[in-house]
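# Architecture at a glance
One-letter residues, chain by chain:
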Amino acid sequence: MANHSSSYPILCASFNQDTGYFAIGTRDGFKVFDSETGTLCYERAIGGFIIVEMLFSSSLLAIVGAGEQPSLSPRRLCLFNTTTGTALRELNFLTSILAIRLNRRRVMLSFSDIQRLQFHSKLPG
């Protein structure tokens, strides 16, 4: 495998629930690829992201910024619609978000203070 250096290294990578797509977060933005073909399906270059999670094969992404800009705080969860290119909902927390898991009914968040998990049961749409 060739070693390719990039000015925008990958900060996170994740498959959606059925592994049909995978998403990556970089210092430049985030990208969604088709797992079968490797085709780039969506790209947004707006700053660094440390978490990018896709809900099944929908247009809903849960994203968390890397903190390099005030609007991309690691304490802010953004539910993002790739079809419209807009944020559906933003939630701010007191501590940094370490992990997110999605299903059709809930969003589960894990925080840096380790002693707390939080569930949100009202997904937009």
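Note that the structure is a prediction, hence the values are computed from the model and not measured. (Residues numbered from 1 in each chain as written. Predicted model: local features only at pLDDT ≥ 70, side-chain atom pairs only at ≥ 80, totals over all residues. Heavy atoms only, no water.)

### Some thoughts on the overall build of the chain
Put simply, the rule is: Here a helix means four or more residues in a row that DSSP labels H or I, a strand means two or more in a row labelled E, and each is numbered from the N terminus. Exposure classes here rest on a 1.4 Å probe applied to the protein chains alone. A residue is buried below 20% of its type maximum, exposed above 50%, and partly exposed in between. It only takes one pair of heavy atoms within 4.5 Å for two residues to be counted as in contact.
Assigned secondary structure in the chain consists of zero helices and eleven strands. Start at the N end of the chain and walk to the C end: the helices and strands fall as β-β-β-β-β-β-β-β-β-β-β. With 125 residues in all, the chain has 38% of them scored as buried. In the chain, the share of contacts with a sequence separation of at least 24, taken over all contacts with a separation of at least 6, comes to 25%.

### What to know about the nonpolar core
This is how the line gets drawn: What we call a nonpolar core is a set of buried Ala, Val, Leu, Ile, Met, Phe, Trp, Tyr and Cys residues that are connected through their side-chain atoms within 4.5 Å.
Core analysis: the biggest nonpolar cluster contains 14 residues, and L77, I97, I100 and L109 have the highest contact counts within it. Contributing elements (two or more residues each) for this core: β6 (60-65), β7 (76-81), β9 (97-102) and β10 (107-111). Not counting residues within four places of it along the chain, the set of residues in contact with I100 comprises I51, E53, A62, V64, L77, V107, M108 and L109. Core analysis: the next-biggest nonpolar cluster, separate from the first, contains 13 residues, C12, F49, V52 and I63 among them.

### Overview of the packing of aromatic side chains
Aromatic ring pairs are reported here in terms of the distance separating the ring centres and the angle at which the planes meet. Here is the rule: Any two of the Phe, Tyr and Trp rings considered here, Trp counted by its six-membered ring, make a pair once their centres fall within 6.5 Å; the pair's planes then place it as stacked at under 30 degrees, edge-to-face at over 60, or tilted in between.
For the structure shown, the criterion picks out seven aromatic pairs. Judged by centre distance (6.1 Å) and plane angle (25°), the ring pair of F30 and Y42 falls under stacked. Note that F30 is positioned in strand β3 (residues 30-34) and Y42 in strand β4 (residues 40-44), a separation of twelve residues in sequence. Side by side, F30 and Y42 carry an identical accessibility label, which is buried. When the ring of F30 is compared with that of F49, the centres are 5.1 Å apart and the planes differ by 90°; the resulting orientation is edge-to-face. You can see F30 sitting in strand β3 and its partner F49 sitting in strand β5 (residues 49-54), a full 19 residues away along the chain.

### Description of the sheet that holds strand β1 (residues 10-15)
What counts here: A pair of strands is considered paired only if DSSP assigns at least 2 bridges between the two. Interaxial angle, 0 to 180 degrees, is taken between N-to-C directions of lines fitted to C-alpha atoms, where a helix line uses only the stretch in contact.
An order of β1-β2-β3-β4 is seen for the four strands of this open sheet, with the pairing classed as antiparallel. Looking at strand neighbours, the two that pair on one side only are β1 and β4, the edges of this open sheet. The average angle at which neighbouring strand axes cross in this sheet is 15°, direction not considered. Examined bridge by bridge, β3 and β4 share four bridges and lie antiparallel to one another. Bridging across to β4, F33 finds its partner in L40.

### A few points about the pattern of salt bridges
Heads up, the rule is: Every case where a carboxyl oxygen of Asp or Glu lies within 4 Å of a side-chain nitrogen of Lys or Arg is listed as a salt bridge.
As enumerated under the stated definition, the model contains four salt bridges in all. For E43, the salt bridge is made with K31, and the minimal N-O distance between the two is 3.6 Å. Here K31 lies in strand β3 and E43 lies in strand β4, a separation of twelve residues in the sequence. By relative accessible area, which is 44% here, E43 ends up partly exposed. Classification of K31 by relative accessible area gives partly exposed; the value is 27%. Of the charged contacts in the structure, one is a salt bridge between R101 and E53, with a shortest N-O distance of 3.3 Å. Of this pair, R101 sits in strand β9 while E53 sits in strand β5, placing them 48 residues apart in sequence.

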